[in-house]
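Overview (structure and organization)
The lines below spell out each chain.
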Amino acid sequence: MWNDIILGLAPLNITIEGVTYRDKIDLSADEFFERLPHLKELPTTSMPSPESYLNIIDQARGEGYTEFLCICMSSGTSGSYQSAVLAKELFYEQHPISNVKIHVVDSLSMSQGSGWLIIKSAQLLEENATFEELVAFNESHKKKVKHFLCVDNLKNLIKSGRLSNTGAFVGSLLRVKPVMSMKNGKGAIVAKARGTNKALKYYVDEFIKRNQADLTNFIIIGYSSNIEIARQLKERMETQANFKGLIYLMQMGVVVGTHVGLGGVSMFFMEK
């Protein structure tokens, strides 16, 4: 699968107790979630450098590749997109006469929402889509990648500025799980569910109402520390939503996990 492409990764960075790690390279997600409950302070995170993008381009050019589609997390929540755009500008400054094509996509998505577009682009490439067609698909469909995310504990969202203290107090008092989605490239609470069972039911019900079946030939279910919740959601999607396509279970990276915390579960598909 995907024999004609190179998948390059410009990792996000996380600093824990003064030590900086590259997401999923220097520190695995499992290692991070084991450490997270014992940390006195929430880690800080940072975007990839422009050089990390340029290194990917240079390596691939050495293997004969001349077309680069860079799909980044939402510019509303991460500096990854801005860093990639700067890398593109630097490349053309260094190579003013070049046959290399570079397109940077602001996916308006977080985490595996960007991954959904990446996998779909690879599938389209297997169907002989041109570079221009891949660019057009991403730019025309990126707003339709539907996100849902619920968390086990509101603490990390508060500390990282993703939720107000007032909202956290109400959420803790009512023992609800906030269900979030993306609106205009930023996270927003769209529902509150009493417990995991109600949250997963919300996912299934919303999928049935919103799914664009001709494009959603796969679903991504993300999880932070508890894969069993992801497996429960997968089973519900197969039995209750009658989804017959592939369902990928993917663990969140350590940077996203910093904000989500333990027990988070997400789902991504193409919305009508």
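What follows concerns the packing of aromatic side chains. Applying the stated criterion across every chain yields a total of 9 aromatic pairs. Aromatic side chains Phe32 and Phe33 sit 5.3 Å apart centroid to centroid with 65° between the ring planes, which places their arrangement in the edge-to-face category. Take Phe32: its relative accessible area is 0%, and that puts it in the buried class. Residue classification places Phe33 among the buried positions, given a relative accessible area of 6%. Between Phe218 and Tyr248, the aromatic rings sit 5.8 Å apart at their centres with planes inclined by 75°, giving edge-to-face as the arrangement. Taken as a pair, Phe218 in strand β9 (residues 218-223) and Tyr248 in strand β10 (residues 246-251) lie far apart in primary sequence, 30 residues in all. A relative accessible area of 24% means that Tyr248 is categorised as partly exposed. Linked through ring pairs, Phe148, Tyr202, Tyr203, Phe207, Phe243 and Phe269 together constitute an aromatic cluster.

A few words on the nonpolar core. Core analysis: the largest hydrophobic core is formed by 23 residues, its most contacted members being Ile219, Leu233, Met237 and Met267. Put simply, the parts of the chain that give this core at least two residues each are β6 (145-150), β8 (186-193), α8 (196-210), β9, α9 (227-239) and β11 (265-270). The element best represented in this core is α8, accounting for 5 residues. Those residues in contact with Leu233 that lie beyond four places of it in its chain are Leu200, Tyr203, Val204, Ile221, Val265, Ser266 and Met267. Counting residues in hydrophobic clusters, the runner-up holds 21 residues, among them Ile16, Leu36, Val151 and Val255.

Rules of the game
Residues numbered from 1 in each chain as written. Predicted model: local features only at pLDDT ≥ 70, side-chain atom pairs only at ≥ 80, totals over all residues. Heavy atoms only, no water. Phe/Tyr/Trp six-rings, centres within 6.5 Å; stacked < 30°, edge-to-face > 60°. Buried < 20%, exposed > 50% of the residue type's maximum accessible area, 1.4 Å probe, protein only. Helix = DSSP H or I, 4+ residues; strand = E, 2+ residues; numbered from the N terminus. Core = buried A, V, L, I, M, F, W, Y, C linked by side-chain atoms within 4.5 Å. Contact = heavy atoms within 4.5 Å.

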